[in-house]
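Geometric and topological summary
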Amino acid sequence: MEGLNDINTAEFDKSILKIQEAKQLAGEINNQSLVGLSQQLLANVYLKQGEYDKAFPEIHEAIKIHQELQELNKLAEDYLIYAQILDKTNNKAEALKFLNQSITIFASSGEKNAKQSLATAHLYKGSILQEQKKDESAIQEFQKAIQFFSKLNDPGNNYNIARLKLFNARSHNNLNNLDSSFDSAFEAYNLSKEDSYPLVETEALRLLSTVARKRGNTENALNYLELYTKKAQLYFQEDRVSTRNLAARNALIADINPDNYDVSKRVQANKITTVLIIALFTILCLLALSLYKNNNLRAKANELLQAKNAELVIAKENAEKASVVKAQFLSTITHELRTPMYAVTGLTHLLLSENPTEEQKKHLDSLKFSGEYLLSLINNILDLNKLEADKVEVEQATFNLRKRVDDVLFALERSAQEKGNKLHLEYDSEIPDQIIGDPLMISQILINLIGNGNKFTRDGDIFVRIKQLNRNETQTYLHFEVEDTGEGISKKKQKDIFQNFTQGSVQINRKFGGTGLGLSIVKRLLTLQKSKIELESTLGKGSRFFFDIKYGLTQNKKEPEERVYEIDYEALKGRKLLVVEDNKINQMITRKILEKNEMKCDVADNGEIAIEKVRFENYDLVLMDIHMPGISGIEATQKIREFNKDLPILALTAVTIDENIDDFYLAGFNDIIPKPYKVEEFFFKIHNALKRKNVIL
């Protein structure tokens, strides 16, 4: 509360310290709701200070937390603040998008504070539409905001109402609705004068002068202009106000009483006017001559430009069509690849749970690691738009680097042996056991580099060297090398080798195969981690790739690599679930995973069957696939919500959800489980959904 009071009194530095302290305390007691609220408040303070670069990360984290906790009112407040930040950074289209989402949530909320926020959202939306010269739409938003503020019957909203009246008057003036503009501006003036809002009062007077002049009432226009000048000097101590309005004032006086001007000055003015007219006539003659001479050239240039413009329009349309086709293809192929990957990871988990021998377990662990790598490859390569726009986020997790490297080498050992190659690891013993960074990215980089070296080497050696360059209390700086004794790369090709779909030559592609994407992926992943790939190579003698990365250090050396999920498996036993899935293999895998935990499982092949089963049978939770024949999972969920509001429904889906996660929640889903998934995370989300609905304690 102290931090909120400091915001309201504009003591920003003090409020930031208090909110940061509250955020830290919330984190220590693991209260994510309070952490999200603290980040929301920090973003709001940074917004008021104009520090938008600091506001962005805070509001992004707040949105993420409130989405996960499904705290819709707080999420709507996040959207409202985010929209204001986007507006201030000239991203008005995105600002309108989040304002609309905020309005949707606030409008359906029953909380009293939601009405205040709803009115504020309409105010900001109208302001943006006014800036975009969409005045008719802006007026509608202003009227809604005025209506909501007035219903609240709170004197503290008088300033907002006065400001809205002024905004409304401006839009009517832009549309030449002069009577409406005058009335609204006059109301804004009276409200601001009564409650002492100097800025609104002076702006309303200036607008009243403008509207009066347009209506032909010159005397009133002058009176309002002089009153505006007097008030502005009084409130803001601006002597320049009189100077700025001198020309307008003199023109208005001339309309009222033209005899006030001195005759001698008029004669002098007439002489000056005559000279200017002659000079202007001479200039116009010269311009006409010049235009006449160049007319033919301009006509030809216009014809050429029109032809080129037509070509560009056609090219633009073709590019847009190609982009749509590409997006549709990527969406389809991503789903088709993730579906069998679900089978691979699911069956691996089932086999690992059936007491395999030590040798079998070693191979299954390798299969699990390879499956995770392949899934990451699918996510980063097939979603080309995301990768090319550098939207892949770098994870900050604690992990054991030596174990990661050993897993990579074990996964690639057999393919190396098949080509007669030996893998050698030189690992610096000074490297800490636990470091903080992205474990999957370094695995991808090493797999690509070692796999690349193995592909171009036969009966040779591949060396992996990892050395610590320096270290302090919070960071370690590591040097990585992958060297092979294979074909080598010519100096000419070294410049292009990191481009998409590029290999040393056509002969290399035919001899060794491959897509030519591996090194391009390595370069992009290292760029995301603020690093750079280097290459030294000689034809016939091999290649050496090397790079440096900074990793963080954990203060707790015993911190586990994997996230620990708090799941009461005993409470899940006997719970009845409905799995809605059209793929028979996926049905079998999900059923077996659930039944191994002694949960009851029913299956529906499509959305229509699922709706009927939910209508006539009692289930504790539904796992709903998205892409199915007939109606989609989203449509099925919407229909279920018409007669059952409380049943937990989780989206079990292979589609990419980064860009449209809000659509899932708005459709009625309680949470989302992307396929393929970690089984612990799968049960964690089921457990949380049942707990939130008080199905289990």
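Criteria and thresholds
The residue numbering used here restarts from 1 in each chain and proceeds along that chain's sequence as written. Thresholds applied to this predicted model are a pLDDT of at least 70 for local features of residues and 80 or more for the giving and counting of side-chain atom pairs; totals over whole chains, interfaces and linings are not thresholded and use all residues. Water and hydrogen atoms play no part in the side-chain values, which are based on all heavy atoms of the structure. Per the convention used, a helix needs a DSSP run of H or I reaching at least four residues, while a strand needs a run of E reaching at least two, with both numbered from the N terminus. Relative accessibility thresholds used throughout: buried, under 20% of the residue-type maximum; exposed, over 50%; partly exposed, between the two (1.4 Å probe, protein chains only). When checking whether two residues touch, look at their non-hydrogen atoms; a contact exists if any pair is within 4.5 Å. For the area figures, the Shrake-Rupley method with a 1.4 Å probe applies, and any residue is considered shielded solely by the protein chains shown. Think of a 1 Å grid over the protein atoms and nothing else: a 1.4 Å probe that fits but is trapped marks a cavity, an open set flanked by protein within 12 Å on at least five of seven lines marks a pocket, and residues with an atom within 4 Å of a point count as lining. Grid points are joined across faces, edges and corners, and a volume is the space filled by probe spheres set on the points. For two strands to count as paired, DSSP must find a minimum of two bridges between them. Only the stretch in contact is used when a helix axis is fitted, and all axes are lines through C-alpha atoms; the angle between N-to-C directions ranges over 0 to 180 degrees. To sort the angles, those under 35 degrees are grouped as roughly parallel, those over 145 as roughly antiparallel, those from 65 to 115 as roughly perpendicular, and the leftovers as oblique. Note: crossing handedness is left-handed where the near helix turns anticlockwise from the far helix by less than a right angle, and right-handed where it turns clockwise. Side-chain atoms within 4.5 Å are what join buried Ala, Val, Leu, Ile, Met, Phe, Trp, Tyr and Cys residues into a set we call a nonpolar core. The criterion for an aromatic pair is that two Phe, Tyr or Trp rings (for Trp, the six-membered ring) have centres within 6.5 Å, with stacked assigned to planes under 30 degrees apart, edge-to-face to planes over 60 apart and tilted to the rest. Each reported salt bridge corresponds to a side-chain nitrogen of Lys or Arg within 4 Å of a carboxyl oxygen of Asp or Glu. Every residue is assigned a pLDDT by the predictor, reflecting its confidence on a scale from 0 to 100.

1. Concerning the overall build of the chain
Regarding its fold elements, the chain presents 28 helices and twelve strands. The 697 residues of the chain split such that 43% are buried. Long-range contacts, defined here as pairs at least 24 residues apart, represent 66% of the contacts in the chain between residues at least 6 apart. Put simply, the chain shows about 38,700 Å² of open surface, and 51% of that area lies on carbon and sulfur atoms.

2. Here's the deal with empty space enclosed by the protein
If you roll a probe as big as a water molecule over the atoms, it shows you where there is empty space left. According to the stated counting rule, one finds one cavity of 30 Å³ or more in the structure shown. Quantified by volume, the largest cavity comes out at close to 30 Å³. Looking at the largest cavity, the residues that line it are Ala83, Gln84, Asp87, Leu99, Tyr124 and Ile128. Of all the secondary structure elements, the ones that give two or more residues to the lining of the largest cavity are α5 (72-88) and α7 (112-131). By residue number, the principal contributor to the lining of the largest cavity is α5, which donates three residues.

3. Structural notes on unusual backbone geometry
The residue Asn30 is not glycine, and still its phi comes out positive at about 60°. Inspection of the secondary structure puts Asn30 in the loop between α2 (12-28) and α3 (32-49). On the accessibility criterion, Asn30 (59% relative accessible area) is exposed. Despite not being glycine, Asn176 shows a phi value in the positive range, around 65°. In this fold, Asn176 is placed in the loop between α9 (158-174) and α10 (178-195). Taking the relative accessible area as the measure of exposure, Asn176 reaches 52% and is therefore exposed.

4. Here we look at the sheet that holds strand β11 (residues 649-653)
On the basis of which strands lie adjacent, the open sheet formed by five strands has the order β9-β8-β10-β11-β12 and parallel pairing. Each edge of the open sheet is held by one strand with a lone partner, namely β9 (600-604) and β12 (671-674). Within this sheet the neighbouring strands show an average axis-to-axis angle of 25°, counted without direction. Relative to β9, strand β8 (residues 576-580) is paired through five bridges, and the arrangement is parallel. Counterpart to Leu578 in the pairing with β9 is Asp602. With respect to the sheet, helix α24 (residues 584-596) is in contact with β8, β9, β10 (621-624) and β11, its orientation differing from that of β9 by roughly 165°.

5. Re the pairing of strand β7 (residues 542-553)
The buried count for β7 comes to ten of twelve residues, which makes it a mostly enclosed element. Note that strand β3 (residues 435-437) and β7 share two bridges and pair antiparallel. Within β7, the residue paired with Ile436 across the bridge is Gly552. Of the pairings in the sheet, the one linking strand β5 (residues 475-484) to β7 comprises ten bridges and is antiparallel in character. If you follow Asp484 over to β7, its bridge partner there is Ser543.

6. Some thoughts on the packing of helix α18 (residues 401-418) against helix α19 (residues 439-455)
Packing of α18 against α19 leaves a shortest axis separation of 10 Å and a crossing angle of 30°. One way to sum up the angle between α18 and α19 is to call them roughly parallel. Where α18 crosses over α19, the handedness of that crossing is right-handed. Mapping the contact onto sequence places Leu401, Arg404, Val405, Val408, Leu409, Leu412, Ser415 and Ala416 in α18 and Pro439, Leu440, Ile442, Ser443, Leu446, Ile447, Ile450, Gly451 and Asn454 in α19.

7. Brief notes about the environment of Glu77
Summarising the element assignment, Glu77 is placed in helix α5. Glu77 has contacts with Gln40, Phe106 and Ser117, leaving out every residue within four places of it along the chain.

8. Side note on the nonpolar core
Of all hydrophobic cores here, the largest spans 43 residues; its most connected members are Ile59 and Leu164. Broken down by secondary-structure element, the contributors of at least two residues to this core are α2, α3, α4 (52-69), α5, α6 (92-108), α7, α8 (135-152) and α9. The element that contributes the greatest number of residues to this core is α5, accounting for nine residues. Not counting residues up to four positions away in its chain, the partners in contact with Ile59 are Gln40, Ala43, Asp78, Ile81, Tyr82 and Ile85. If you look at the next biggest cluster of nonpolar residues, it comprises 38 residues, including Leu409, Leu478, Ile521 and Leu535.

9. Quick notes on the packing of aromatic side chains
This structure, assessed with the given rule, holds eleven aromatic pairs. On the basis of an interplanar angle of 40° and a centroid distance of 5.7 Å, the ring pair of Phe142 and Phe167 is categorised as tilted. Residue Phe142 is found in helix α8, and its partner Phe167 is found in helix α9; the two are separated by 25 residues along the sequence. Given a relative accessible area of 12%, Phe167 falls into the buried group.

10. Some details on the pattern of salt bridges
Going through the model one piece at a time under the given rule, you end up with 24 salt bridges. Here Lys576 ties to Glu617 by a salt bridge, and the two come within 3.3 Å at their closest N and O atoms. You can see Lys576 sitting in strand β8 and its partner Glu617 sitting in the loop between α25 (607-616) and β10, a full 41 residues away along the chain. The exposure class assigned to Lys576 is partly exposed, which follows from its relative accessible area of 27%. Each member of the salt-bridge network shares a partner with another, and the members are Glu426, Arg465, Glu481, Glu483, Glu536 and Arg544.

11. Some details on the confidence of the model for the chain
Averaged over all residues, the pLDDT of the chain equals 78, while 78% of them reach at least 70. Summarising per-element confidence for the chain, the mean pLDDT is lowest in helix α21 (residues 506-512) (42) and highest in β5 (95). Low pLDDT, under 50, characterises residues 249-267; the predicted model gives this stretch 20 contacts beyond four residues in sequence or across chains.

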